[in-house]
Amino acid sequence: MSDHAQHLQQLAAQQWLIPFFPLVAAAIQSLLPRSARRLSATLTILAMGMSCLLAARAFWATLPVGEQHDEVARAFFNFTWFRFGTTALEFGFILDPLTAGMALMVAFVGFWIFVNATGYMAEDENFTRFFCFLSLFAASMLGLVVANNLLLLFMCWELVGLCSYLLIGFWYFKPSAAAAMKKAFITTRVGDIGFFIGILMLYQHTGTLTLYNAEGTGALQQAGSLGQLAGWWGLSLAGTIALMLFIGAMGKSAQFPLHVWLPDAMEGPTPVSALIHAATMVAAGVFMVGRMFALFTANAGDWVMDFVMWIGCITALFSATIAVAQFDIKRVLAYSTCSQLGFMMMALGAGGLVAGQFHLLTHAFFKALLFLGSGCVIIGTHHEQDMRRMGGLRKYMPITFWCYLVGMLALAGVPPFAGFFSKDEILVATYHHNKLAWVLATAAAFLTAFYMTRQMFMVFGGTWRGGQHDAHGNETTGHDEHHGHAHHEPHEVSWNMWLPLVVLSVFAVFMGWLGTPWLAGNLFHHYLAPEMPAPEHANIVVVLSVVVGAAGILLGWLIYGRRPMQHAAEPDPLAGTLGGLFTVLNRKWYVDELYEATIVRATQALGTLFRAVDKLVVDGILHAIAWIWWGVSQLFRWIGDELIINGGFDAGCESVRGGGRLLARLQNGRVQTYLRVMALGAVVLVAIYFFR
Amino acid sequence: MTLTLGHYLGMSAILFAIGLAGALTRRNAINVLMSIEIMFNAGILNLIAAWHFRYFESLTPQLFAVFAVTIAAAESALGLALVIAVYRHYRSVNVEEMTALRG
Amino acid sequence: MTTAFWIITIVTLLGALLAVTLRNLVHCVLSLILFFLGIAGHYFLLRADFFGTVQILIYIGAVAVLILFAIMLTRNVTGEEGPREILGMKWWSGAVIAALVAGVLLHAVRRDATAAVASSAPKPLSVADLGRALVGDWVVPFEGMAVLLTAALIGAVVIALEEVQRRR
Amino acid sequence: MEAVYHFLRSLRWVGDWPQPVLWALAFAVPIVFVVVVFPLIFAYTTLVERKALGRIQNRLGPNRVGRWGILQPIADGLKLLIKEDIVPAKADRVVHTLAPVIAVIPSLMLFTVIPVGSGLIPVNLNIGLLFVFAISTGSVLALFMGGWASRNKFSLLGAMRSVAQVVSYEVPMVLAAVVVVMAVGSLSTVDIAAAQAGGWANVTNWFVFRPWGFVGLVLFLMGAMAESARTPFDLPEAESEIIAGYHTEYSGFKFALFQLGEYLAAIAMAGVTVTLFLGGYNGPGCELPVVGKLIGMGWFFVKLFAMIAVIIWIRGTWPRIRVDQLMAFAWKLMLPMAIINLIVAALYHYIEPKLLAWVVSAGLLVLSWATLSSLSAPPHLQKRTYRYWA
């Protein structure tokens, strides 16, 4: 074993330290009194800084050196957590480029977001609780990243979901926030069922949940043999498991049918949106697919990869169309996030592991930047989120404006910025794989450029439209500086809020150069997956994406830039052109309404049905018997057509009632009945065990 | 006839069944709790019998029994507190009348 | 040892049976104490002296006394129950289910080969070893138990006190 | 038991008898000893108590039956035996009859683990002390059964009082004894007694001469007196409040059994106190080869009677405390004190020059006692003025 490998081994055994510091910070903060605000923030940021340093050390160690050019620098550390009977439950930590890169990104972006949050939350009285949750989130996210065991990963996955739930509903007294937190939790839970089934299947067939181990019997190391076994729905076993895992990733990464929770999650504080719903947690699904990539590609004949690609593609385009017609500054970004996650998934499905992960990293930087920027805007405009009531902020908030511009250009895919290179990679990968998907993705890229331009002009361009009253419009628009209402005027935010923007925008500018083929080969590809062949470059893709991006920006300028909005009450210029379609887009293709009409309504109907059945039971046997007798006596008393019909109706009711009663007698609230059923069940189980 | 582990297991099985019968048929919550204590004791007796006959070189069965006794004690304290609270509320300790959780 | 086993077993079973069938609650508790004593006797017979004394200390000294307290605090102090519907539906079904459980358990015991192991007369349990194990390898579960007991104590007090405080 | 067996083997005439007979004799001797000697002690304790109380209260006490009233206990016994045995009509006859029996049995069983001399113990259990605590809780059941079965509200009140009292005082009492277990490292009463041998004239090693031992002794004695319902903790039978508590409805021999059980428990607890803190059978001369055992036994009984005398003295001196004082005393003063005592005992074990340890732990205990007693002192009552209108 070379020195380098030994060094990696040592570092892998210390990977647990990365999530450890935020975890300790969270534990301490949970005990702090509410008044310990400064201490709480300091703890959180310090812990994150420690994690960041450790992650940087791990990252440094995984950089390719000297002789190890063609193999992935991977080290892992497994240990037995506990054993029951002969089965040992192993946990483990891994150190490889995927983990190191992701961990560094999470810790670094998280660090700056925490710094920003100290400003954003400065006026909140539950400051300590907020930072406690943030620390816990950071710990579980980092734990997810360094896990070398699917169970550990799943535990952190759920913890991350829990933190997301807690943070979305941080202002739980707002009904919308309370609804959003529930929606997020339940929607992601739908995906997690798939994930869990996948885990169970994997355990059933490989007997381990450790991803890599020294004996070569880890779950991922057996992916090849799983690819040879038949699974369900015409897939190989590996493909089936991969599909199940992907369902989990769909929930977490807000892919098409399960995307509904992410825009609503914007009810949470903006740093939360930046950290959880843009940079890290939603990327966990993409990361997980990347981590389990061996299963997805185990059998080349499986359609699971196409499924991933198409889901990603649909999400990318679908969300981009919605983002065009939103007015809430954070919602635009939320749908944009959905769309970008779709891009990543699409890249993974097209076989572009590197492209997907690269976009994950660059996107984390510039989307966190955009979200933090929007947070600054919201604070600067005194909690205004509607873009129609902004405008002209360029003058009031210059630093925010320039940083936001960098983020916007990166997201829109303008050449020197980070987003250009990573999106380009994805488009190239898709181009080689499936032309139709490529066309759709290019369309989505066009929309991306368009809606970001729209947002820029609405927020920063034109004049300040805040403080207006929609209908009356009696406050003038053009003379804000003369206005006595200093309170309503936007202002630049404090240094602890804009400093993270500056730092992140530096990355948003330069980070893309790591993954370009034009600069000493594709460095990132070489780092992450040296064993995979680098994709061929296709000039048409690059040219077209530049053209499309430019076209989107141009169109945006034409519609929104040339003649800025004057009044907040003015209709969106696009609405006139698109007509009814705009409304449809604004209402998000009515997906929520569709869910409301189908799933929610059906569940409620089922609940009502059960309640009705219960009602019948409350009446109890006595009432039922009395009713029957009453019916019978009626029958004997008046023998006539009308009464016979009545009686028949009653009898019909009674039979329904009787059926319901029979079922519901089981739940009579008496402990002893339950105990009785339990004992009988136990007897039956044991009897089956003995006499089968 | 030598004494075997089976004697103890069988006896505690019968004790368990007696306790179960009590828990199923008695109407007074305190009686039910007493029946549960009987079941608990039957279980703990199994641990000690297993130690005596099979695992006498190991401390684990006894430690397990220590923990089981502790849990049983905590359970009975809580259970009786609940009974008293329920009695204050309903003026009754009849388990058949405690049907607030009825469906 | 066999004779002692049978005598103690009869006492134990009698105690348990009376505890679940007698009508007077206080009589039930007294029978329960007989049952606890029988179990303690079994422990002494099994050379687990420590558990025998612990059984007496905890079950008779604490649990039975607690139950007596609960009876005094809830019901008429004479402990009388209402008229019993002897051999009612509930009684029969409960007895049948319990008999089924007993049958299944006994069948399991009969089938199990290890049940035929005879006593090997181990050396009596050393309390010192037990104590060392509790604060050694098992210290975490031990501390957990301490926390559990504290929580149960506080919980019991809170539950039982609730009504009183509300009335104030 | 073994000691008796070996003693029998060494005798000239008896030593040749078959072994089972010797073992049976060895069994019988301690049993007879326990069943005869301690009830006899009980009988004369009552006499001593009555005489002593009489003197304390400026009376003469019994002096009619025999010289100095020496036959008084026998007369009492005879009187109680021939009195009519009354069971109240509504009483629970079985439980009513069972209660006095159960009152005596645990008290007698307590004596089986008290070493009256070196090697002279009926049963050497390795968990003797735990056995003591386990058994002593049994007496509360007898009290409860007697009070409950009488169907008399005063009896029931007495029974409930006794249950609450015993449950409360059990805790500090056990904790007070734990310091000794910590010091000795064994639950066996034999080991505990043996650990106090040595030192100057077999005296200085008694645990009572350690600060924690002294505090332990005081706490344990108070707990023991509460457990056996002795004045000032005799609320279960407070004759001025609830007639005679749980034994209101008892007469004749059953009443005598209750008295017997109560006194035996008190004597046994005195014996346990002697074993735990006062060196048991250890005293000057007990290490001598042959007569040492007898001397040790003598020392044990001397200490035992001294303890009994102290208990009687306390009874004659203190008034009965109120129920709330009773509970507050147990939970607010004795329990924290016992816990602090535990910690101090541990400290004592680890501080090395033992003189320093002695001073430090004594100081800590005095300090904490002062703090606790000032904390649990009753609030200073203001002068109340009563106005009479409306």
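Structure first, text after, so check above.
Everything in this summary refers to the structure shown in the same document. None of these values were measured; they are calculated from a predicted model. (Residues numbered from 1 in each chain as written. Chains lettered and ligands numbered in written order. Predicted model: local features only at pLDDT ≥ 70, side-chain atom pairs only at ≥ 80, totals over all residues. Heavy atoms only, no water.)

With 66 residues of chain B at the contact, the number on the chain C side is 84 residues. For the pair chain B and chain C, the summed buried area comes to about 6,700 Å², and 77% of that belongs to carbon and sulfur atoms. When the area that chain B buries against chain C is broken down by residue, the three leading residues are Met34, His52 and Phe67 of chain B, summing to 9%. In this assembly, chain B and chain C are joined by 0 salt bridges. Here chain B is connected to chain C by 5 residue pairs in polar contact (both at pLDDT 80 or more). Secondary-structure elements contributing two or more residues to the side of chain B that touches chain C are helix H1 (5-25), helix H2 (29-53) and helix H3 (60-90) of chain B. Take the side of chain B that touches chain C: its biggest share by element is 23 residues, from H3 of chain B. Residues belonging to the side of chain B that touches chain C are distributed by class as follows: 45 nonpolar, 15 polar and 6 charged. (Contact = heavy atoms within 4.5 Å. Buried area = accessible area lost by both parts, 1.4 Å probe. Salt bridge = Lys/Arg side-chain N within 4 Å of Asp/Glu carboxyl O. Polar contact = N/O pair within 3.5 Å; in protein donor to acceptor, adjacent residues only side chain to side chain. Helix = DSSP H or I, 4+ residues; strand = E, 2+ residues; numbered from the N terminus. Nonpolar A, V, L, I, M, F, W, Y, C, P; charged D, E, K, R; others polar.)

What follows deals with unusual backbone geometry. Among all residues except glycine, the phi angle is most often negative; among peptide bonds, the trans geometry is most common. One non-glycine residue, alanine 254 of chain A, lies in positive phi territory at about 55°. Relative to the helices and strands, alanine 254 of chain A is located in the loop between helix H9 (237-252) and helix H10 (261-264). At asparagine 58 of chain D, a residue that is not glycine, the phi angle is positive and equals roughly 65°. Along the chain, asparagine 58 of chain D turns up in the loop between helix H2 (19-56) and helix H3 (72-82).

Glancing now at the packing of aromatic side chains. Residue and element names in this part refer to chain A. Scanning the entire structure with this criterion turns up 49 aromatic pairs over all chains. Arranged with centres 5.1 Å apart and planes meeting at 75°, the rings of phenylalanine 130 and phenylalanine 170 form a pair that is edge-to-face. Of this pair, phenylalanine 130 sits in helix H5 (residues 127-146) while phenylalanine 170 sits in the loop between helix H6 (150-168) and helix H7 (175-206); the two residues are 40 residues apart in sequence, bridging distant segments of the chain. In terms of burial, phenylalanine 130 and phenylalanine 170 fall into one category: buried. When the centroid spacing of 5.1 Å and the interplanar angle of 70° are considered together, the rings of phenylalanine 420 and phenylalanine 421 count as edge-to-face. The exposure classification of phenylalanine 420 matches that of phenylalanine 421, with both residues buried. Ring pairs connect the aromatic residues Phe108, Phe111, Trp112, Phe365 and Phe507, which therefore count as one cluster. Above the face of the phenylalanine 185 ring, arginine 189 is positioned so that its terminal group lies 4.2 Å from the ring centre. Across from the ring centre of phenylalanine 343, 5.6 Å away, lies the NZ or CZ of lysine 423, which sits over that ring. (Phe/Tyr/Trp six-rings, centres within 6.5 Å; stacked < 30°, edge-to-face > 60°. Buried < 20%, exposed > 50% of the residue type's maximum accessible area, 1.4 Å probe, protein only. Lys NZ or Arg CZ within 6 Å of the ring centre and 35° of its normal.)

Turning next to the nonpolar core. Counting residues in each nonpolar core, the largest one holds 194 residues, and the members touching the most others are Met292 and Leu295 of chain A. Top element by residues in this core is helix H16 (residues 353-380) of chain A. It accounts for 17 residues. In this structure, leucine 295 of chain A is in contact with Leu202, Leu220, Ala223, Leu226, Ala238, Gly239, Ile241, Ala242 and Leu245 of chain A, ignoring residues within four places of it in sequence. The next biggest cluster of nonpolar side chains, apart from the first, holds 183 residues, and it includes Leu5, Ile38 and Trp51 of chain B together with Val104 of chain D. (Core = buried A, V, L, I, M, F, W, Y, C linked by side-chain atoms within 4.5 Å.)

By themselves, these figures tell us nothing about what the structure is for.
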